[in-house]
Amino acid sequence: MSEIETTGESRLEAISMDDDVVDAVKKKLGVGFWIAVGWLGLLVATVVLAPLLPFDDPDKLASGPARTGPSMDNWFGTDALGRDVFARTVYGARVSLVVGFIAIAFGMVVGGSLGMIAGYFRGRVDQVISFLFFTLLSFPGLILALLITSTFDRTLRTVSLTLGVLAVAPVGRLARAATLVFAEREFVQAARVIGAKHFRILTRELLPVVLIPMAALALLGMGVAIVAEGGLAFLQLSVEDISWGVIINDGRGIRDLQENPHVALMPIGVMFLTILALNFAGDRVREYFDVRETAF
Amino acid sequence: MKSRTRPTMFAQLIALLLALSLVAVACGGDDDGDATGDDGEVAVGDDGADGDDGDGGDDGDAPSTTAAPVEDVTEGNVCIGDACDEPSGDDDAAPEPVAGGTLRVAVEAETDGLNPAANNFAVSAYTMGFAIFDPLFYIDEDGNWFPFLAESATPVGDGSSWQVKVREGITFHDGTPLNADALIANFETAITDPIISLAIVPSYPAENRYEKIDEYTLQYNLIRPSAHFPINLTAQLGMVASPTWLAAAAEDDSLNQSPVGTGPFILESRTQDVSTRVVKNPDYWRGADDVHLDAIEFFITTDTALAAEQVAAGELDVVVTSNADATLTLRDADDVSTFENLYSGEDFIMLNTRAVPMDDIRVRQALTFATDRQAYHDLIGQGTKPLADSMYHPDLVWNNPDVVQEGNMFDQAGPLVDSYCAEFPENCTNGKVNIELQFSGPSTLQTRIMDVLSAGWEPYFQVERQQLPQDQHILQTAIGQFQVVTWRQFGAVDPDNEVVWLECATATGGITLNWVRLCNEDRDALLFEQRATTDLDRRVEIMQKIQAEIQATYSYVFLTHANWTVGFRNAVKNICGQTGPDGVVLVCNNQGRGFYHNVWIDEG
Amino acid sequence: MKQFILRRVAQLVLVVFSVTFLTFASLNLVGDPLFNIVGVLSGIPDEQCEAVARGEIEDTQSSGLNVGDCALIAQAKEQNNLDKNVAERYGIWLSDMASGDFGTSFVNGDEISDIVKERLPVTIRLIVLAQIVALGIAIPWGVASAYRANRGFDKASTVGSFGLLSIPNFALGVILLYFFTLRWQIFPSRYENAGWWSELKALTLPAFTLGLGLAATYQRLLRTDLITTLQDDFIHMARAKGMSDRHIMYRHALRPSMFSVITVFGVNTGALIGGALVVEQIFSIPGVGTELVEAVLRNDPPVVISLISVVAIGFVLINFFVDLMYGYLDPRVRTS
């Protein structure tokens, strides 16, 4: 291992896969896992179908009297401008989920590739890439996001990619550590012996096995990205559109909390359940494949 | 990089705009937005606004409209709460003041510094500044100016020159005597300041701007005759600072944080962005006995709704706000009362008449018709401030009752938009006119205001929002890089103070306070006619004409009368009813700017 | 050991350089720094000012300029070294910064070193308090769940820690503010620094907001490590000697089980710094976080660059010391 590898964080991603993956399959994912997946599925379906469903326009003023609590007409009540908080929460989920998904996808593609290259080739390449990861991790996450969004703009693309950049180093480290382990395995060595090209070994032999621990991290990471987007939105530094952070921020004024706390608390509840589902599902997947890692 | 000590040019440009209002401004060009917090106020353009609350005229025979306190918000200047029934300071049955204690005041924003000759004063700076500095003149409860630190002001000839005599025997906190030379030092400092000079130079000739008459008298020479000069010295430009300190501060910027004046309180400590503490001046020239408090502590609380809650919880004593949420919280709270003033400012939308597509009156009309004033009133004002029809509250003598602001006439917007888009399809998308709505943020309140306005406009306009930090928002507005903005200003005691927003002089230039860039030579002639006269009827007639003319141009959409609220715990006594040097009762709650000379705390 | 430290120091220096350069460059390469200083004047083409300098045109209204515009631009460029390239500017900035001169704000001219001196201690106190809260909760909690692993309490703990880890800190902040400040009025809604007691009261809720999630992280790590430790022989020996369970858990088992917690201490401090951005905002605490967000919003690159650099360097240093400590505790790391 290179010397950078031995720093504090990296040890967390030390990874041990069961030698016999078949053993793992016998374990169960459990009911909780399926409840979590069910919630996520329901959320995604609602968000996708929102325009077709009979929800209020989230921007429409006075969908009901301003600042009223939950009722049959307005399930989550109305906000200070009389808008339907349920409709806003559903539309807010759109931004939150899209950002979370793109961010982690970017982290997987870029971080995963870099990490695998580092772990596979080692030496100088590894040192450079590991140092890049180390530097990225030397910024407290939200601070780095702040730096990037303040340098560029606040479009959906920028915010998603910014959070994607945050995901690069943790995903990359995991991919690198996994690659280091698997590159020593017989099936990789065998491929080398028969003269397979590096690219082929990386994509055909290593990628499928490295993807498993990354999938667990992806679920957890998506939760982290959604929270980070919420944090930026809360600071009004995220996308200029409805997102959960925006609704919560709108409802956290002192008078709003007193008169109509549901404006903040309802989206907080939905967000909490979503992050919980992602964390739980990620944790189950991790245990299912017995992947040990804790840092993200 | 060590040399970068002066405020930079960007800051200077902004400050310039703020400072331009020093001379003749009544109410600030506040954008109804805020500096950093979530409340709707801070007043950048309030800087240098000179003091007046919207009632009455400027001289003795102007009728006062300050109503007796009643619990009815449709009245413009009222007290709401238990404290209102108590007799105030000038009353015969005045209760005995209690000496001692520290008053905790929430101010909504921090100021660059507290040097009246070098920093720009907004409402927060005034609140702190009036404790430390005395103004040469101030405004009484009838809206007339009266000498404060000055002993007298006398026009010379047609009013092109004014002689100001200061009181004898007064010294600054550092022992420097107050005299004509001190006035000169203040004037010279202000005029050499790259920013504030811009507020002074236009009113004065290139040379012989002043003349020392004797030890205590200075004559100011103006370009144009004015019947109302002292009212310009009731605010920042009238605050007199120690010449010794001014000289030192000119060398070392950081001294702007430790002001030296003649006021009833002396600066003790100041932590920027957190708090400023002043303590009683034992040698106050008006007699230290009338200064009841031991100290005042000013806390920066950008979210005044939060500050209102803190006053309600007894964690603070006083808060100044124009945020409806804060006002309502204060009204709801036990043991808290408010003074609310609807005369000293208007909330409105401005349209840049020289920017495409707002240069076409059809678009301005359509936008006006599609403006949901009622929603603004209901959802933003929440019943704390009534709809406005013009730049004056109906209670005021200047108001033209025939002028009615249009709005909520959605069906009339469509045909205008259609006709415009037929002619200029390049400025339209899907039959809607493309417009850019600029506002300052981030701010929850500003975002809500934009949401409310957009909801009305969106059927006819393709609205693109541009959120800018407040100073850039003001800069962009001043240099004409805007189409539609929300704003707050107007509502002056003296209509002369509105001239700066309306005159042609700078309307064609790059930077102007005539934000909407509408020039009318005839209107200018009227404005200057009222400046030179003290004939109230004629001035009223002129201002009423001007309101009608403004309405016809569709360059402003008036929304509501701003509600300046001073909220205070009932234990805080004598917020209103404080007196000047000769027993004159001061105007109370003038745009929230506070005097705390005679305030006391009686927890009784 | 000496060589180990040397290697770490070299790495530290390299990281500090890259972190500061990244920060400096990002805000200097993108956008026009001149605009931030002189505003719209930055739009005046260079050729026009060069022509003025050569005396070919007058800088008066007729040429669309105001008298002195070009002089101001030149002055701004010179004072901020804008005529030099980014690498040179970075060098100047870094050496100034090393000597304690952080420059001044573009917007209000404040000395940045004063801002740092004023703001940083508040944030540090908040973060330290948050760590204390986290450890204060996590240790007894972790011990209790490991003590009867997989029993009722432990299972409930797992659910509880999952819950805590799933609440975004801004949401938790809003909830705590709602209940403890508004509903029950237990804590003040205003930050006050009149002595340590008032500050402690003001920082308690924010510290809990930051610390609760972290407590769950620590608890989970501690629980796992404790369960492993409890299998060790020396624990069995202690048991055999008849020591009380409490004594064994806290005196013998706890210390060797703190390894993972120490490892993540550094990383989590980073999470706390990020969290402080949001939490300081919710509770209106005048720390680095609020100032940083304000500086970003008012487009004030010198302040943003300096604050981010200070925070990032602090973070790197913390990780550096955690790492040294780790190396000290675990000989294997040193020799690798």
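From a predicted model like this one, the values you see are computed outputs, not experimental measurements.

Cut-offs and rules
Residues numbered from 1 in each chain as written. Chains lettered and ligands numbered in written order. Predicted model: local features only at pLDDT ≥ 70, side-chain atom pairs only at ≥ 80, totals over all residues. Helix = DSSP H or I, 4+ residues; strand = E, 2+ residues; numbered from the N terminus. Buried ≥ 20, exposed ≤ 12 C-beta atoms within 10 Å, placed from the backbone. Contact = placed C-beta atoms within 7 Å. Pairing = 2+ DSSP bridges. Axes fitted to C-alpha atoms, helices over the stretch in contact; angles between N-to-C directions. Right-handed = clockwise from strand over helix to strand, strands pointing away. pLDDT = per-residue confidence, 0-100. Nonpolar A, V, L, I, M, F, W, Y, C, P; charged D, E, K, R; others polar. Parallel < 35°, antiparallel > 145°, perpendicular 65-115°, else oblique. Left-handed = near helix turned anticlockwise from the far one by under 90°. Core = buried A, V, L, I, M, F, W, Y, C linked by C-beta atoms within 7 Å. Expected span 1.5 Å × (residues − 1).

Examining the overall build of chain C
On a plain count of helices and strands, chain C comes out with 15 helices and 0 strands. Across the 336 residues in chain C, those meeting the buried criterion constitute 46%. Taking the contacts inside chain C whose residues are at least 6 apart along the sequence as the reference set, 73% of them involve residues at least 24 apart.

A few points about the overall build of chain B
Each helix and strand in chain B was counted, giving 15 helices and 22 strands. Out of the 604 residues in chain B, the part that is buried amounts to 61%. Considering only contacts in chain B between residues 6 or more positions apart, those separated by 24 or more positions represent 72%.

Details of the sheet that holds strand 5 (residues 150-156) of chain B
All names here are of chain B. Strand order in the open sheet formed by 4 strands is 5-6-8-7, with antiparallel pairing between adjacent strands. This sheet does not close on itself; its edge strands, each paired only once, are strand 5 and strand 7 (210-214). On average, each strand axis in the sheet is inclined to that of its neighbour by 20°, with strand direction left out of account. Of the pairings in the sheet, the one linking strand 6 (residues 161-166) to strand 8 (residues 217-221) comprises 5 bridges and is antiparallel in character. Paired with Lys 165 across the strands is Thr 217, a residue of strand 8.

Concerning the pairing of strand 5 of chain B
All names here are of chain B. Bridge analysis of strand 5 against strand 6 gives 6 bridges, and the strand direction is antiparallel. Looking at the pairing, Ala 150 lines up with Val 166 of strand 6. Linking strand 5 to strand 6, which pair antiparallel, is a turn of 4 residues; within it Gly 157 sits at a positive phi near 60°.

A few points about the pairing of strand 17 (residues 461-468) of chain B
All names here are of chain B. Pairing between strand 16 (residues 432-440) and strand 17: 8 bridges, direction parallel. Bridge assignment links Glu 436 to a residue of strand 17, and that residue is Glu 464. In terms of handedness, the path from strand 16 via helix 11 (residues 444-457) over to strand 17 forms a crossover that is right-handed.

Notes on the confidence of the model for chain B
Residue and element names in this part refer to chain B. In this model, chain B carries a mean pLDDT of 82, and residues with pLDDT of at least 70 account for 84%. Here helix 1 (residues 9-24) is the element of chain B with the lowest mean pLDDT, 44, and helix 8 (residues 361-369) is the one with the highest, 97. Here residues 1-74 is a poorly scored stretch, pLDDT under 50, and it has 304 contacts once near neighbours within four places are set aside; other chains count.

Section: the interface of chain A and chain B
Counting from both sides, the interface comprises 13 residues of chain A and, opposite them, 18 residues of chain B. Taken together, the elements giving at least two residues each to the side of chain A that touches chain B come down to helix 9 (244-250) and helix 10 (254-259) of chain A. Class assignment for the residues of the side of chain A that touches chain B results in 5 nonpolar, 4 polar and 4 charged.

Some thoughts on the packing of helix 3 (residues 180-192) of chain B against helix 5 (residues 243-251) of chain B
Residue and element names in this part refer to chain B. At a closest axis distance of 9 Å, the pairing of helix 3 and helix 5 adopts a crossing angle of 25°. One element, helix 3, and the other, helix 5, form an angle in the roughly parallel class. Crossing of helix 3 against helix 5: the hand is left-handed. For the pair helix 3 and helix 5, contact is made by Asp 181, Ala 182, Ala 185, Asn 186 and Thr 189 and by Pro 243, Leu 246 and Ala 250, respectively. A per-class count over the contact of helix 3 with helix 5 returns 5 nonpolar, 2 polar and 1 charged.

A short note on the environment of Asp 332 of chain B
Residue and element names in this part refer to chain B. With respect to the element layout, Asp 332 can be found in helix 7 (residues 324-332). Exposure remark for Asp 332: the 13 C-beta atoms within 10 Å place this residue in the partly exposed category. For the pair formed by Asp 332 and Ile 223, sequence separation is 109 residues and the distance between their alpha carbons is 51 Å.

Remarks on the nonpolar core
Formed by 323 residues in total, the largest nonpolar core has its most connected members in Ile 143 and Ala 225 of chain A together with Val 318 and Val 452 of chain B. Here Ala 225 of chain A is in contact with Val 99, Gly 100, Ala 103, Ile 104, Leu 163 and Ala 167 of chain A, once residues within four sequence places are set aside. Formed by 5 residues, the second largest nonpolar core is a distinct cluster that contains Cys 49, Val 52, Cys 70 and Ile 73 of chain C.

A few points about the packing of helix 6 (residues 112-147) of chain C against helix 9 (residues 196-230) of chain C
All names here are of chain C. Close contact between helix 6 and helix 9 brings their axes to 5 Å; oriented N to C, the two are set at 35°. Along this stretch, helix 6 crosses helix 9, giving a crossing that reads as right-handed. A per-class count over the contact of helix 6 with helix 9 returns 24 nonpolar, 4 polar and 2 charged.

Section: the interface of chain C and chain A
Opposite the 46 residues of chain C that make contact, chain A presents 41 residues. Mapped by element, the contributors of at least two residues to the side of chain C that touches chain A are helix 1 (2-29), helix 7 (152-165), helix 8 (169-183), helix 12 (259-282), helix 13 (288-297) and helix 14 (301-329) of chain C. Looking at the side of chain C that touches chain A, the element that brings in the most residues is helix 12 of chain C, giving 11 residues. Looking at the side of chain C that touches chain A, its residues break down into 32 nonpolar, 12 polar and 2 charged.

Digging into the sheet that holds strand 13 (residues 336-341) of chain B
Residues and elements named next belong to chain B. Read from one edge of the open sheet, 8 strands run 1-13-20-12-2-11-10-9, paired in mixed fashion. With one partner strand each, in any of the chains shown, strand 1 (77-80) and strand 9 (265-271) form the two edges of the open sheet. Between one strand axis and the next, the sheet turns through 15° on average, direction left out of account. Sheet analysis places strand 1 next to strand 13, joined by 4 bridges and oriented antiparallel. For Val 78, the partnering residue across the bridge sits in strand 13 and is Glu 340. Strand contacts of helix 2 (residues 123-132): strand 2 (102-107), strand 9, strand 10 (275-280), strand 11 (295-300) and strand 12 (318-321), with the helix running at about 155° to strand 2, the strand carrying the most contacts. Seen against the sheet, helix 6 (residues 304-312) touches strand 2, strand 12, strand 13 and strand 20 (564-569) and runs at an angle of roughly 155° to strand 12.

Here's the deal with helix 9 (residues 373-381) of chain B
In terms of burial, helix 9 of chain B is largely enclosed, as 7 of its 9 residues are buried. One or two steps after helix 9 of chain B, the chain reaches Gln 382 of chain B, where phi turns positive at roughly 50°.

Looking at unusual backbone geometry
Omega for the bond connecting Val 356 of chain B with Pro 357 of chain B falls within 30 degrees of zero, at 0°, which places this linkage in the cis form. Following the sequence through the fold, Pro 357 of chain B ends up in the loop between strand 14 (346-351) and helix 8. Of note, Gln 382 of chain B is a non-glycine position whose phi angle comes to about 50°, a positive value. Mapping Gln 382 of chain B onto the fold places it in the loop between helix 9 and helix 10 (410-423). If you check the backbone angles, Ser 284 of chain C has positive phi at about 45° while not being a glycine.

Quick look at the environment of Gly 381 of chain B
All names here are of chain B. Note on placement: Gly 381 falls in helix 9. Taking the C-beta count within 10 Å as the criterion, Gly 381 has 21 such neighbours and is therefore assigned buried. As a C-alpha pair, Gly 381 and Asn 323 span 58 residues in sequence and 8.3 Å in three-dimensional space. Apart from residues lying up to four places away in sequence, Gly 381 is in contact with Ala 324, Tyr 376 and Thr 560.

What to know about the confidence of the model for chain C
Residue and element names in this part refer to chain C. Per-residue pLDDT for chain C has a mean of 82; in total, 87% of the residues score no lower than 70. Across residues 60-64 the pLDDT falls below 50, and counting only partners more than four positions away or on other chains, this stretch makes 4 contacts in the model. Scored by ipTM, the complex comes to 0.81, with pTM at 0.82.

Let's talk about helix 11 (residues 262-288) of chain A
End to end, helix 11 of chain A covers 38 Å across 27 residues, agreeing with the expected 39 Å (1.5 Å per residue, within 8%). Where burial is concerned, most of helix 11 of chain A is hidden: 20 out of the 27 residues are buried.

Some points on the environment of Glu 186 of chain A
Locating Glu 186 of chain A in the fold gives a position in helix 7 (residues 186-193). The spacing of Glu 186 of chain A and Trp 75 of chain A is 111 residues in sequence and 58 Å in space, taken between C-alpha atoms.

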